[in-house]
Amino acid sequence: MEVKVVYLGLIADVTGRKEERVKLDSEIEFSEFLSMLFIKYPKLKELSEKLELIFLVNGVKYRDDERLHDGDEVAIMTVPSGG
Amino acid sequence: MVDARIIDKEVDINEVVKEMIKNSGSEGSLVMFLGYVKEFVDGHRVSKLIYEAYEPYSTQILKRVVDEVIDDDITDVRVYHRVGTLRPHEPVIYIFVIAKNRSKAFEKCRELLERIKHEVPIFKLEVRDDGEYWIVGDGLRVKRNSLT
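Residues numbered from 1 in each chain as written. Chains lettered and ligands numbered in written order. Predicted model: local features only at pLDDT ≥ 70, side-chain atom pairs only at ≥ 80, totals over all residues.

Trainee: Tell me about the overall build of chain B, and name the residues and values.
Mentor: When its secondary structure is counted, chain B shows three helices and 10 strands. In sequence order, chain B lays out its α and β elements as β-α-β-β-β-α-β-β-β-α-β-β-β. Across its three principal directions, the C-alpha atoms of chain B cover 55 × 25 × 25 Å. Here chain B holds 148 residues, and the buried ones make up 32% of them. Considering only residue pairs separated by 6 or more positions, chain B has 71% of its internal contacts joining residues 24 or more positions apart. (Helix = DSSP H or I, 4+ residues; strand = E, 2+ residues; numbered from the N terminus. Buried ≥ 20, exposed ≤ 12 C-beta atoms within 10 Å, placed from the backbone. Contact = placed C-beta atoms within 7 Å.)

Trainee: Describe in detail unusual backbone geometry, supporting the description with residues and values.
Mentor: A negative phi angle is the norm for most residues apart from glycine, just as the trans form is the norm for most peptide bonds. Residues and elements named next belong to chain B. Omega for the peptide link from E55 to P56 comes to 5°, which places this bond in the cis form. With respect to the helices and strands, the residue P56 is situated in the loop between β4 (44-53) and α2 (57-69). A positive phi angle, near 50°, is found at D42, a position not held by glycine. Within the element layout of this structure, D42 appears in the loop between β3 (40-41) and β4. We classify D42 as exposed; it has 9 C-beta atoms within 10 Å.

Trainee: Got a sec to walk through the sheet that holds strand β2 (residues 19-23) of chain A? Specific residues and values, please.
Mentor: Residues and elements named next belong to chain A. Pairing is mixed in the open sheet, where five strands are placed in the order β2-β1-β5-β3-β4. The open sheet has two edge strands, β2 and β4 (60-61), and neither has a second partner. Pairing of strand β1 (residues 2-7) with β2, which is carried by five bridges, proceeds in the antiparallel orientation. Its bridge partner lying in β2, K4 is registered against R21. (Pairing = 2+ DSSP bridges.)

Trainee: Break down the nonpolar core for me, with residues and values.
Mentor: By size, the foremost hydrophobic cluster in this structure holds 50 residues, and its most contacted members are L8(A), L62(B), V66(B), V79(B), I95(B) and V97(B). A total of seven residues in this core trace back to one element, the largest contributor, which is strand β7 (residues 91-99) of chain B. Once residues within four sequence positions are removed from consideration, V66(B) is found in contact with V2(B), A4(B), V77(B), V79(B) and L112(B). (Core = buried A, V, L, I, M, F, W, Y, C linked by C-beta atoms within 7 Å.)

Written out as structure tokens, the structure is:
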């Protein structure tokens, strides 16, 4: 299965890309997926210890026990700054 | 009427106000908020703000926030947030509210502004004479590339 990950605002600077597709062997819990991303991007983990990060799955704030499915879109962002 | 959109062009304020007033009945006032780009921040000259949204979710969340804030006392509301590259003094966010009474219109206009600023995925990069800064939440500035 495959999920799309979108890095918004300054997160894209930290990861060096605005989006990517990640292949997974099977459906996994969001927290497990996040751990994978933190290993791939240590700077993202460092940032998460300094700033509040917000995670959306298909446009909705994720739940701890939420499982990712094929075709899901994950977005990672800091607190918005509209206005 | 409810109209909430993320746009890339300036809004003709007079046109919106005239239309809203024309469509109103027993109401007698309109409250409007306009946010625009600052020219100076912390003593530094700003050359531009670059806004980006996360579509289609930013628009969906904007519409949901407006739906959650308004009630039966609000008879007309229009919310427009611009994205793209904006220069100092250019308008960014427009909120127009007509309600059954003015106190409700002021209250809801403010509530809309605060929720939109904090909940709708919109991000801005401030370009100024001492570098580029990501703005996080309510004014925290992170110098670009300082985290990489």
